[in-house]
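# Reading the structure
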Amino acid sequence: MERITKYKAVVIGVSAGGLVALDEILPKLDKAFPMPILVVQHISPSSDNYLPIHFDVRCELKAKEAEDKEPIHPGTIYFAPPNYHLMVECDRSIALSIDPKVNFSRPAVDVLFETAADAYKDELIGVILTGGNSDGSAGIAKIKQQGGLTIVQSPETAEAEAMPLAAIESTKIDHILPLHEIGNFLSEINDKE
């Protein structure tokens, strides 16, 4: 049965402790999950980007490395490639960029969140997870400003609390949840909103 939700996409920003956090969330989403998920995980520029392979095996949803000009489809998890900013175009396709680092990062969470907020407006869900800097705080504020739904991992459940704390300080977050609750919350979002 297809699920209906007002939301059309989920963006996730994560840094230090990200593999553990994403492992707690993404496998909880079943193949009927009605939205695409775009993920920026801070990774080394020389990384082989094992994340899409790791999660494609562990999740019911298809996981892949995002490709430039690729249309965004529901039921797919798109990971930013190493050393590229992941962006969403207004036609809701993917763009990759080697523009300068933002918040000392490429890919940067703020770049994804801000471009996705422009493309999806109030149909976007933004999620900030564990991380050791403030990347994502401006982007989550823009999602909130556009009427999207904002979720932040509770700092006490984060391996590194700086990103969640910065996000919470940047705007009025809709839901601050312990890590173990976020996957189920997303899975049941159409029943809640």
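Details of the structure are given in the entry above.
Residues numbered from 1 in each chain as written. Predicted model: local features only at pLDDT ≥ 70, side-chain atom pairs only at ≥ 80, totals over all residues. Heavy atoms only, no water.

### Section: the side chain of Gln 41
By the element assignment, Gln 41 lies in strand E2 (residues 37-41). Within the structure, the side chain of Gln 41 is placed 3.0 Å from the backbone oxygen of Ser 15, a separation counted as a polar contact. When neighbours within four sequence positions are excluded, Gln 41 is seen to be in contact with Val 14, Ser 15, Gly 18, Leu 19, Leu 22, Leu 51 and Pro 107. (Helix = DSSP H or I, 4+ residues; strand = E, 2+ residues; numbered from the N terminus. Polar contact = N/O pair within 3.5 Å; in protein donor to acceptor, adjacent residues only side chain to side chain. Contact = heavy atoms within 4.5 Å.)

### Looking at the sheet that holds strand E4 (residues 76-79)
Across the sheet, which stays open at both edges, the 7 strands sit in the order E3-E4-E2-E1-E7-E8-E9 with parallel pairing between neighbours. The strands lining the two open edges of the sheet, one partner per strand, are strand E3 (62-65) and strand E9 (175-177). Pairwise comparison of adjacent strand axes, ignoring direction, gives a mean angle of 20 degrees for this sheet. Note: strand E7 (residues 124-128) against strand E8 (residues 149-153), 4 bridges, orientation parallel. From the neighbouring strand, Ile 125 faces E8, where its bridge partner is Leu 149. Strands E7, E8 and E9 of the sheet are contacted by helix H6 (residues 179-187), whose axis makes an angle of about 155 degrees with E8. (Pairing = 2+ DSSP bridges. Axes fitted to C-alpha atoms, helices over the stretch in contact; angles between N-to-C directions.)

### Examining helix H1 (residues 18-25)
For H1, the full list of buried residues reads Gly 18, Ala 21, Leu 22 and Ile 25. Viewed end-on, H1 has its buried residues packed into an arc of 95 degrees, placing them on one side of the element. Contact partners of the buried residues in H1: strand E1 (9-14), E2, helix H2 (51-58), E4, E8 and H6. (Buried < 20%, exposed > 50% of the residue type's maximum accessible area, 1.4 Å probe, protein only. Arc of directions from axis to C-beta.)

### Side note on the packing of helix H4 (residues 137-145) against helix H5 (residues 162-170)
For the pair H4 and H5, interaxial distance at closest approach is 8 Å and the crossing angle is 40 degrees. Judged by the inter-axis angle, H4 sits oblique to H5. The two elements H4 and H5 cross, and the hand of that crossing is right-handed. Contacts between H4 and H5 involve Ser 137, Ile 140 and Ala 141 on the former and, on the latter, Ala 166, Ala 167 and Ser 170. Residues that form the contact of H4 with H5 fall into these classes: 4 nonpolar, 2 polar and no charged. (Parallel < 35°, antiparallel > 145°, perpendicular 65-115°, else oblique. Left-handed = near helix turned anticlockwise from the far one by under 90°. Nonpolar A, V, L, I, M, F, W, Y, C, P; charged D, E, K, R; others polar.)

### Some details on the packing of aromatic side chains
Taken as a whole, this structure holds 1 aromatic pair when the rule is applied. Ring plane angle 20 degrees and centroid distance 5.7 Å describe the contact between Phe 55 and Phe 79, whose orientation is recorded as stacked. Separated by 24 residues along the polypeptide, Phe 55 in helix H2 and Phe 79 in strand E4 bring together distant segments of the chain. Pair check on accessibility: Phe 55 and Phe 79 agree, each one buried. (Phe/Tyr/Trp six-rings, centres within 6.5 Å; stacked < 30°, edge-to-face > 60°.)

### Structural notes on the packing of H1 against H6
Contact geometry for H1 and H6: axes closest at 7 Å, N-to-C directions at 45 degrees. Taken together, the axes of H1 and H6 are oblique relative to one another. The handedness of the crossing between H1 and H6 comes out as right-handed. For the pair H1 and H6, contact is made by Ala 21, Glu 24 and Ile 25 and by Leu 179, His 180, Ile 182, Gly 183 and Leu 186, respectively.

### Quick notes on the pattern of salt bridges
For the coordinates displayed, the defined rule picks out 7 salt bridges. The closest approach of N and O atoms between Asp 118 and Lys 142, which form a salt bridge, is 2.8 Å. One end of the pair, Asp 118, is in helix H3 (residues 109-120); the other, Lys 142, is in helix H4, and 24 residues separate them in sequence. Between Lys 144 and Asp 174 there is a salt bridge whose closest N-O contact spans 2.5 Å. (Salt bridge = Lys/Arg side-chain N within 4 Å of Asp/Glu carboxyl O.)

### Regarding the nonpolar core
Within the largest apolar cluster, 32 residues are counted, with the highest numbers of intra-cluster contacts made by Leu 26, Ile 37 and Ile 125. Put simply, the parts of the chain that give this core at least two residues each are E1, H1, E2, H2, E4, E7, E8 and H6. Of all the elements, H6 adds the most residues to this core, at 4 residues. Ignoring sequence-local partners within four residues, the contact set of Leu 26 consists of Ile 12, Ile 37, Phe 55, Cys 59, Ile 77 and Phe 79. Grouped together as the second largest cluster of nonpolar side chains are 26 residues, Ala 80, Leu 86, Ile 140 and Ala 167 included. (Core = buried A, V, L, I, M, F, W, Y, C linked by side-chain atoms within 4.5 Å.)

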